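Now for the letters of each chain:
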Amino acid sequence: MQVEGKQYRTVWLEGSTLHLINQPMIPHRFQVVTMARYNDTAKAITDMVVRGAGAIGATGALGMAQAVLQAPDEGFHEFIAKAANVLRGTRPTAQNLFYGISKVLDAVQEAGDNIPDARKAARAAAQDVADDDAENCRAIGQNGLPLFHHGIRVSTHCNAGWLAFVDWGSALSPVYAAHRAGLTPHVWVDETRPRLQGARLTAWELAQEGVSHQVVADNASGYLMRNGQVDLVIVGSDRIAANGDVANKIGTYTSALAAKANGIPFFVAAPTTTIDPDCPSGDSIPIEIRTQDEVRYVWGWSDDGRFTRVRITPDASPGHNPAFDVTPASLISGIITEKGIIEATTRAVTSVARS
Ligand code: MRU
């Protein structure tokens, strides 16, 4: 997608240096940061300098490739195994992270004992993960487009736009396709506490693209649905279980319940790389619990130009911060993938994951 007239992806490798859009700075500053070694890349994932299912997946793959490029000839495979563990330990919920890392490890294994070949194969495999993510998301946009009509009002939660992937996004890709087709969609953007990915990132993306939108407090979405102001809900996903249950940003389940109660179609948009066929249901999806400080403080720019945090809770009040929830398949109208729209059923999900 374009930022001030220049084409960007969220993550890319030059030599063995990884480049990332620094997401916590958006919308206040647009900044690209570099990670020289795979451990720096791992820390960037943990600290959410890069976040979002597909973006984490591509960063995990490219970080793994960095490790393969940096591994010494002596102890090559041990170095790589350790790096894989470090990268896998950065975020527990997003399936794409594990997918991206495993694609690079498979390529290294296929190269056998020839180290220069292994380095070449790792770089190519990581680049494929990133390129496929961008292409899958573009296709999700086209496949979701028939759900749109002129003037449609769409509610979304968190950021499943291009910043959350390598390009285009999942939930926002059909919105961009509809906008470019002249259907003038309007997007209700849930602000998405506690890290405000909706208010900060989705709103910024939509503004860059010129899509009509308004940011609402998370607690307003049920009100809007009941008032007849929402025609369609589309969200992304961090992991889809084999039975069609979907893990996504905390608050998604609440939105799905409100949509069901009001007869509003609730769609999930995700590439098939987000499906975890080994995970039987949402009960088995690991849910990341992040620091309570994300609930107790908010970050922003002070009037004197500092990026700083302020506390909003009483000093003595602890917080609790589950980062994701699970929406049961029964609340989901369909899953928009790069292969088409499928039902949230075991049969449809497992067959699309295999094809
Ligand atoms: O914690 P994050 O920001 O990495 O959360 C992941 C997400 O971006 C959302 O859950 C999103 O809706 C899923 S699709 C990228």
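Right above here is the structure, for reference.
A brief report on the enclosed structure follows. (Residues numbered from 1 in each chain as written. Predicted model: local features only at pLDDT ≥ 70, side-chain atom pairs only at ≥ 80, totals over all residues. Heavy atoms only, no water.)

A closer look at the side chain of Thr327
What counts is decided by this rule: We count a stretch as a helix when DSSP gives it H or I for four or more residues in a row; a strand needs E for two or more, and each element gets its number in order from the N terminus. The contact criterion used is simple: two residues touch if any of their non-hydrogen atoms lie within 4.5 Å.
Among the structural elements, Thr327 can be located in strand β16 (residues 324–327). Beyond its immediate chain neighbours, meaning those up to four positions away, Thr327 contacts Asp245, Val246, Thr252, Tyr253, Ala256, Phe266 and Ile332.

With respect to the nonpolar core
Side chains of a nonpolar character, in soluble globular proteins, are inclined to be buried together. Which entries qualify depends on this criterion: Only buried Ala, Val, Leu, Ile, Met, Phe, Trp, Tyr and Cys residues count toward a nonpolar core, and they belong to the same one when joined by side-chain atoms within 4.5 Å. Exposure categories follow from relative accessible area, calculated using a 1.4 Å probe and restricted to protein chains: below 20% of the type maximum is buried, above 50% is exposed, and the middle band is partly exposed.
Ranked by size, the top nonpolar core spans 43 residues in total, and within it Leu20, Met64, Phe76 and Val104 carry the most contacts. When residues of this core are traced back to their parent elements, those giving at least two are β3 (11–14), β4 (17–21), β5 (32–35), α1 (38–46), α2 (53–70), α3 (76–88), α4 (95–110) and α5 (115–144). Counting 30 residues, the second-largest nonpolar core is a separate cluster that includes Leu145, Ala160, Tyr176 and Leu232.

Quick look at the packing of aromatic side chains
What describes a pair of aromatic rings is the distance from one ring centre to the other and the angle between the planes of the rings. Quick reminder of the rule: To pair, rings of Phe, Tyr and Trp, with the six-membered ring standing in for Trp, must have centres within 6.5 Å; the planes then decide the type, stacked if under 30 degrees apart, edge-to-face if over 60, and tilted in the middle. Only Lys NZ and Arg CZ are tested; either one counts as a charge over a ring when it is within 6 Å of the ring centre and within 35 degrees of the ring normal.
Enumeration according to the criterion identifies seven aromatic pairs in this entry. Ring centres of Tyr8 and Phe30 lie 4.9 Å apart, and the angle between their planes is 70°; on these two criteria the pair is classed as edge-to-face. With Tyr8 in the loop between β2 (6–7) and β3 and Phe30 in the loop between β4 and β5, this pair connects stretches of sequence that are 22 residues apart. A residue is classified by how much of its surface remains accessible, and Tyr8, at 14% relative accessible area, is buried. In this structure Phe30 comes out as partly exposed when scored by relative accessible area, which is 29%. Three or more aromatic residues joined by ring pairs form one cluster here, namely Tyr8, Trp12, Phe30, Trp162 and Trp204. It is Arg29 that lies over the ring of Trp301; its NZ or CZ is 3.9 Å from the centre. Lying across the ring of Phe324, Lys249 places its NZ or CZ 4.3 Å from the centre.

Here's the deal with the sheet that holds β4
Each strand in a sheet pairs with another by means of backbone hydrogen bonds, the pair being arranged parallel or else antiparallel. Inclusion rule: One bridge is not enough; two strands pair if DSSP finds at least two bridges between them. Angles shown run from 0 to 180 degrees and are taken between the N-to-C directions of axes, each axis being a line fitted to C-alpha atoms and, for helices, limited to the stretch in contact.
As summarised here, the arrangement of the three strands in space is β3-β4-β5, forming an open sheet in which the pairing is antiparallel. Of all strands in the sheet, those with a lone pairing partner are β3 and β5, marking the two edges. Put simply, the sheet's adjacent strands are angled 25° from each other on average, direction ignored. Direction of pairing for β3 relative to β4: antiparallel, over a ladder of four bridges. From the neighbouring strand, Val11 faces β4, where its bridge partner is Leu20. Along the sheet, α2 makes contact with β3, β4 and β5, crossing β3 at roughly 15°.

Concerning helix α11 (residues 346–354)
Worth spelling out the cut-off: When we speak of the arc, we mean the arc of directions from the helix axis to the C-beta atoms.
Listed as buried for α11 are Ala348, Val349 and Val352. All buried residues of α11 project into a common sector of 95° when viewed along the axis, lining one side. For α11, the exposed residues set more than 90 degrees away from the buried face come down to Arg347 and Arg354. If you follow the buried residues of α11, they end up packed against β10 (239–241), β13 (275–276), β17 (334–337) and β18 (340–342).

What to know about the layout of surface pockets
One simple way to see leftover space: roll a probe sized like a water molecule over the atoms. Here is the rule: Two kinds of site are reported from a 1 Å grid over the protein atoms alone, namely cavities, where a 1.4 Å probe fits but cannot get out, and pockets, open sets with protein on both sides within 12 Å along at least five of seven lines, and residues are called lining when an atom falls within 4 Å of a point. Grid points are joined across faces, edges and corners, and a volume is the space filled by probe spheres set on the points. Residue classes follow a fixed rule: Ala, Val, Leu, Ile, Met, Phe, Trp, Tyr, Cys and Pro count as nonpolar, while Asp, Glu, Lys and Arg count as charged, and any other residue, Gly among them, counts as polar. Where each domain begins and ends follows an automated or database-derived domain assignment.
A volume near 450 Å³ is recorded for the largest pocket. Residue lining of the largest pocket: 20 residues in total, with Pro24, Arg195, Glu294, Trp299 and Phe307 positioned closest to the centre. At the level of secondary structure, the elements contributing two or more residues to the lining of the largest pocket comprise α7 (197–209), α10 (293–296), β14 (297–301) and β15 (307–311). Split into classes, the residues belonging to the lining of the largest pocket amount to nine nonpolar, three polar and eight charged. Shared between two domains, the lining of the largest pocket takes at least three residues from each, and those domains are domain 1 (2–138) and domain 2 (145–354).

A closer look at the site of the ligand
Put simply, the test is: We call a residue near a molecule or strand as soon as one heavy atom of that residue lies within 4 Å of the molecule or strand. Exposure was quantified through the Shrake-Rupley algorithm and a 1.4 Å probe, taking into account, for residues, occlusion by the shown protein chains and nothing else.
Not every one of the 17 residues close to the ligand is listed here, only the nearest: Arg51, Arg91, Asp238, Asn248 and Lys249. When the free accessible area of the ligand is taken as 390 Å², the share hidden by the protein chains comes to 100%. Here the residues of the shell around the ligand sort into seven nonpolar, six polar and four charged. Residue assignment places the shell around the ligand across two domains, with domain 1 (2–138) and domain 2 (145–354) each supplying three or more.

Quick word on the environment of Gln7
Under the convention used in this document: Within 3.5 Å is the distance limit for a polar contact, defined as a pair of N or O atoms, with the added protein rule that one can donate a hydrogen and the other accept it, and that residues adjacent in sequence qualify only through two side-chain atoms.
By the secondary structure assignment, Gln7 is in strand β2. Judged by its relative accessible area of 47%, Gln7 is partly exposed. For Gln7 and Trp162, which are 155 residues apart along the polypeptide, the C-alpha to C-alpha distance reads 12 Å. Look past the residues within four positions of Gln7 in its chain and what remains in contact with it is Met1, Gln2 and Asp167. A polar side-chain atom of Gln7 sits 3.5 Å from a polar atom in the side chain of Gln2. Only 3.4 Å separates the side chain of Gln7 from the side chain of Asp167, close enough to count as a polar contact.

These figures come from the coordinates and say nothing about function on their own.
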